[in-house]
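Working through the structure, step by step
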Amino acid sequence: MASDLRISGVEPESIVDGPGFRYVIFTQGCPHGCPGCHNPQTHDFRGGRTADIPAILREIRQDPLLQGVTFSGGEPFCQPEPLCGIAEAVKEMGRDVVAYSGYTLEQLLEMGERDPWVARLLKLCDILIDGPYVEARRDLTLLYRGSANQRVIRLREGLPEGEADLRDTGKL
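None of these values were measured; they are calculated from a predicted model.

**Points about a nonpolar patch on the surface**
There is a patch of nonpolar side chains on the surface, built from Ile15, Val16, Phe21 and Leu65 and spanning about 400 Å² of accessible area. Along the chain, Phe21 turns up in strand β2 (residues 21-27). Looking at Phe21, the relative accessible area reads 33%, which means it is partly exposed.

Take a look at the structure:
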């Protein structure tokens, strides 16, 4: 497993980045450059800092309120190898994993055919919020997402062999 993970920062107890209380890791680096992005400071691949993964895992383990961990960005799937290690540890703690991606599920499945780390990270996710942020489709009433093109996808039994629940999960 790669030991280096570049992050913009963390949010130890978020209630807006997935179900329940979540520990959010904001990865550094994003190729999408979506106009109106909520986290433009995460776009530069040279920005941010190297994460102290053991310290992050200690913080997660010590917080009994956390339902799980959310990978946001930046683009988490640009750093799948170190995130796989975190996701595996989180799963061993009995918690869930949510990932935000500017890529669609279909694009990630295709990427996973070429990069086993992308496929592995996708299989470790319980929920994927996919698709680029589209400013013209902004809708702040949507659950866990900022624009109407984005989907909240509940992944079952891993992927690609498993199923994905592509139903719209509604509005707040």
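Still more ground to cover, so stick around.
**Some thoughts on the environment of Asp52**
Mapping Asp52 onto the fold places it in the loop between β3 (49-50) and α1 (53-62). Counting along the chain gives 46 residues from Asp52 to Arg6, while the straight-line C-alpha distance between them is 9.6 Å.

**Structural notes on the packing of α1 against helix α2 (residues 80-92)**
Where α1 meets α2, the closest approach of the two axes is 11 Å, and the angle between their N-to-C directions is 25°. As far as their axial angle goes, α2 and α1 are roughly parallel. As for how α1 packs across α2, the hand of that crossing is right-handed. Within the contact between the two elements, α1 uses Ile53, Leu57 and Ile60 and α2 uses Pro82, Ile86, Ala89 and Val90. Classifying every residue of the contact of α1 with α2 gives seven nonpolar, no polar and no charged.

**Observations concerning the nonpolar core**
With 33 residues, the main nonpolar core has Ile25, Phe71, Phe77, Ile86 and Leu128 as its most contacted residues. When residues of this core are traced back to their parent elements, those giving at least two are β2, α1, β4 (66-72), α2, β5 (96-100), α3 (105-114), α4 (116-124) and β7 (151-156). The greatest single-element share of this core, amounting to six residues, is contributed by α2. Discounting chain neighbours no more than four positions away, the residues touching Ile25 are Leu5, Ile7, Gly9, Val10, Ile56, Val69, Thr70, Phe71, Ser72 and Ile86. In terms of nonpolar packing, the next biggest core, distinct from the first, is built from seven residues, Ile127, Ile129, Tyr144 and Val152 among them.

**Re the pairing of strand β1 (residues 6-14)**
Of the strand pairs in this sheet, β1 and β3 are connected by two bridges, and their pairing is antiparallel. Of the residues in β3, the one forming a bridge with Arg6 is Thr50. As paired elements, β1 and β2 share five bridges and run antiparallel to each other. What sits directly across from Glu11, in β2, is Val24.

**Quick word on unusual backbone geometry**
The omega angle of the peptide bond from Gly73 to Gly74 is 0°, so this bond is cis rather than trans. By secondary structure assignment, the location of Gly74 is in the loop between β4 and α2. Phi is positive for Tyr144, which is not a glycine, with a value near 65°. Its location among the elements puts Tyr144 in the loop between β6 (127-130) and β7.

**Thoughts on the environment of Gly74**
Looking at Gly74, the relative accessible area reads 17%, which means it is buried. Sequence-wise, Gly74 and Pro40 are 34 residues apart; in three dimensions their C-alpha atoms are separated by 8.0 Å. Apart from the residues lying within four places of it in its own chain, the contact partners of Gly74 are Thr27, Gly29, Cys30 and Thr42.

Conventions used here
Every chain begins its residue count from 1, and numbering advances along the sequence as written. Two thresholds apply to this predicted model, a pLDDT of at least 70 for residue-level local features and 80 or more for giving and counting side-chain atom pairs, whereas whole-chain, interface and lining totals are computed over all residues. Water and hydrogen atoms were dropped before computing side-chain values, which therefore reflect all heavy atoms in the structure. The patch calculation keeps residues exceeding 30% relative accessible area without a salt bridge and links them within 9 Å when they carry like charges or within 5 Å when they are nonpolar (Val, Leu, Ile, Met, Phe, Trp, Tyr). For every accessible area listed, the method is Shrake-Rupley and the probe measures 1.4 Å; residues are considered covered only by the protein chains on display. We count a salt bridge whenever a side-chain nitrogen from Lys or Arg sits within 4 Å of a carboxyl oxygen from Asp or Glu. Only DSSP runs of H or I covering at least 4 residues are called helices, and only runs of E covering at least 2 are called strands; the numbering of each starts at the N terminus. Each residue gets one of three labels from its accessible area relative to the maximum for its type: buried under 20%, exposed over 50%, partly exposed in between, using a 1.4 Å probe on protein chains only. Axis lines are fitted to C-alpha atoms, over the contacting stretch for helices. Their N-to-C directions set the angle, which ranges from 0 to 180 degrees. In what follows, roughly perpendicular refers to angles from 65 to 115 degrees, roughly parallel to angles under 35, roughly antiparallel to angles over 145, and oblique to any angle outside these ranges. If you view the pair so one helix is near and one far, a crossing is left-handed when the near helix is turned anticlockwise from the far one by less than a right angle, and right-handed when it is turned clockwise. Residue contacts follow a heavy-atom distance rule, with two residues in contact if any of their heavy atoms lie within 4.5 Å. Think of it as three bins: nonpolar holds Ala, Val, Leu, Ile, Met, Phe, Trp, Tyr, Cys and Pro, charged holds Asp, Glu, Lys and Arg, and polar takes everything else, Gly as well. Grouping buried Ala, Val, Leu, Ile, Met, Phe, Trp, Tyr and Cys residues that are joined through side-chain atoms within 4.5 Å yields what is termed a nonpolar core. We treat two strands as partners when DSSP finds at least two bridges between them.

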